[in-house]
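Tertiary structure, described
Here are the chains, one letter per residue:
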Amino acid sequence: MRRTVFNEDHEAFRETLRAFIEAEVVPVYDEWFQAGQAPREFYYKLGELGIFGINVPEEYGGAGLDSHKFEAVLYEETARAGVQFGGSGVHVLLALPYIKMLATDEQKKRYLPKFVTGEEMWAIAMTEPGTGSDLAGMKTTAKLSEDGTHYVLNGAKTFITGGVHADKVIVCARTSAPTAEDRRFGISLFAVDTKSEGYSIGRKLDKLGLRTSDTAELAFVDVKVPVEDLLGEENKGFYYLGHNLASERWGIAFGAYAQAKAAIRFAKQYVQERTVFGKPVAHFQNTKFELAACQAEVDAAEAVADRATEALDAGELTPAEAASAKLFCTEVAHRVIDRCLQLHGGYGYMNEYPIARLYADNRVNRIYGGTSEIMKTIIAKDMGL
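First, a word on what this report is: a plain description of the structure on this page.

Basis of the calculations
Residues numbered from 1 in each chain as written. Predicted model: local features only at pLDDT ≥ 70, side-chain atom pairs only at ≥ 80, totals over all residues. Heavy atoms only, no water. Helix = DSSP H or I, 4+ residues; strand = E, 2+ residues; numbered from the N terminus. Phe/Tyr/Trp six-rings, centres within 6.5 Å; stacked < 30°, edge-to-face > 60°. Buried < 20%, exposed > 50% of the residue type's maximum accessible area, 1.4 Å probe, protein only. Lys NZ or Arg CZ within 6 Å of the ring centre and 35° of its normal. Core = buried A, V, L, I, M, F, W, Y, C linked by side-chain atoms within 4.5 Å. Contact = heavy atoms within 4.5 Å. Salt bridge = Lys/Arg side-chain N within 4 Å of Asp/Glu carboxyl O. Patch = residues over 30% accessible without salt bridge, like charges linked within 9 Å, V, L, I, M, F, W, Y side chains within 5 Å. Areas by Shrake-Rupley, 256 points an atom, 1.4 Å probe, with all protein chains shown as cover.

A word on unusual backbone geometry
Its identity is not glycine, yet Asp222 carries a phi of approximately 55°, on the positive side. Mapped onto the secondary structure, Asp222 falls in strand 7 (residues 215-226).

Shown next, in the form of structure tokens:
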């Protein structure tokens, strides 16, 4: 079936991006993998390429587009090459929507030009040790100073993607106590400068997958945050966080589909080159049946991912639809990547092969952005169950 989600502009971007990956990422990716992060300088190259400015208004140095389809191309091309762009994904997919939605004109003038160039990388800090997905239970506090000029931030965060290289972090903190009727009340969002006194980066976490994406623990001890860096209104942070979950879950869904598609590409190439009992592995019926079954699943995931992309761009992607897309695409990717690794035999377990890295990278898709179990709960509720 012919895909209709992309046009000539998207395909031109794909060609440029593919050439960039081959020239700037593939030759050094093993070094990034061993170091556990992409170098900070790489983000300036992404800024020069225009990756960070696609959805930023022209007045702040961006392209002024309002579409997630270029991000979708990026997911497909990085997966195809078996690489990741470090922690930069959170910069665009997670942080930018909050800036666009909540920042005042004055804040956008301060934040967005450096956002576009990569001069200031952004992350978002929600999760805390001991609370996990229960954001309403967060303990980090931001208390307004007596003179009303700044907030005093205290607390800790964990699992913060992009946390090592970040220059600005959107920190979720309690500005008021929860009420008896609503334990989600009282959370606010702040754009915190990582150079602030009292701000510190703890461990760079050693993850199973996504090895080139820096993930860290953060701590705040009496960090002064100017009132000018409050994003949106006080105490409405939980509502803001929920507003952007659909786009976040779309990104995970589309990324998972792209990984599954790439897994078939890696497996097909391997079985055509690998010889067993005097024949290429691709000649055995089991190999053909396994890859055919994987292809059928990926075809279905592609249709789901494309439909979700169109709905998101139209502003019509509901929370339940986003949850359904995430659940389906991530579960398909789990099955397909596992089967493609199996076709590699023992070599599939070696990190020098992209399928092994893909296997590890993919596992978190069923956890972050809401676990598969949470997605089922959302879908069931939408069904009236």
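Digging into the packing of aromatic side chains
Counted according to the given criterion, the structure contains 17 aromatic pairs. Where Trp250 meets Phe254, the ring centres are 5.8 Å apart and the plane angle is 40°; that geometry is what we call tilted. Of the two residues, Trp250 and Phe254 are both situated in helix 8 (residues 245-273); the distance of four residues between them amounts to about one turn of the helix. Each member of the pair, Trp250 as well as Phe254, is classed as buried. Cluster of aromatic residues (ring-pair linked, three or more members): Phe20, Tyr29, Trp32, Phe42, Tyr43 and Phe85. Taking NZ or CZ as reference, Arg14 lies 5.3 Å from the ring centre of Phe6, over its face. When the ring centre of Tyr44 is taken as origin, the NZ or CZ atom of Arg40, which lies over that ring, is 4.8 Å away.

Things to note about the nonpolar core
Soluble globular proteins tend to pack their nonpolar side chains together in the buried interior. Ranked by size, the top nonpolar core spans 93 residues in total, and within it Val25, Phe42, Phe85, Leu189, Trp250 and Cys340 carry the most contacts. At 15 residues, helix 8 tops the list of elements feeding residues into this core. If near-sequence neighbours (up to four positions away) are discounted, Trp250 is found in contact with His68, Glu71, Ala72, Tyr75, Leu93, Ala305, Ala308, Thr309, Leu312 and Leu317. Core analysis: the next-biggest nonpolar cluster, separate from the first, contains 18 residues, Phe190, Val192, Val223 and Leu230 among them.

Side note on the pattern of salt bridges
Counted according to the given criterion, the structure contains 24 salt bridges. As a salt-bridge pair, Arg3 and Glu302 come within 3.6 Å of each other at their nearest N and O atoms. You can see Arg3 sitting in the segment before helix 1 (8-25) and its partner Glu302 sitting in helix 9 (residues 285-313), a full 299 residues away along the chain. Residue classification places Glu302 among the buried residues on the basis of a relative accessible area of 16%. Close ionic contact of Lys261 with Glu302 constitutes a salt bridge, the shortest N to O distance being 4.0 Å. Taken together, the residues span a long stretch of sequence, with Lys261 in helix 8 and Glu302 in helix 9 at a distance of 41 residues. Lys261 sits in the partly exposed class, given a relative accessible area of 37%. Overlapping salt bridges bring together Arg3, Glu11, Arg14, Arg18, Glu76, Glu77, Lys261, Glu302 and Asp306 as one network.

Focus: a nonpolar patch on the surface
A cluster of nonpolar side chains, contributed by Tyr347, Tyr349 and Met350, occupies part of the molecular surface with about 360 Å² of accessible area. For Met350, the position within the fold is in the loop between helix 10 (319-343) and helix 11 (354-362).

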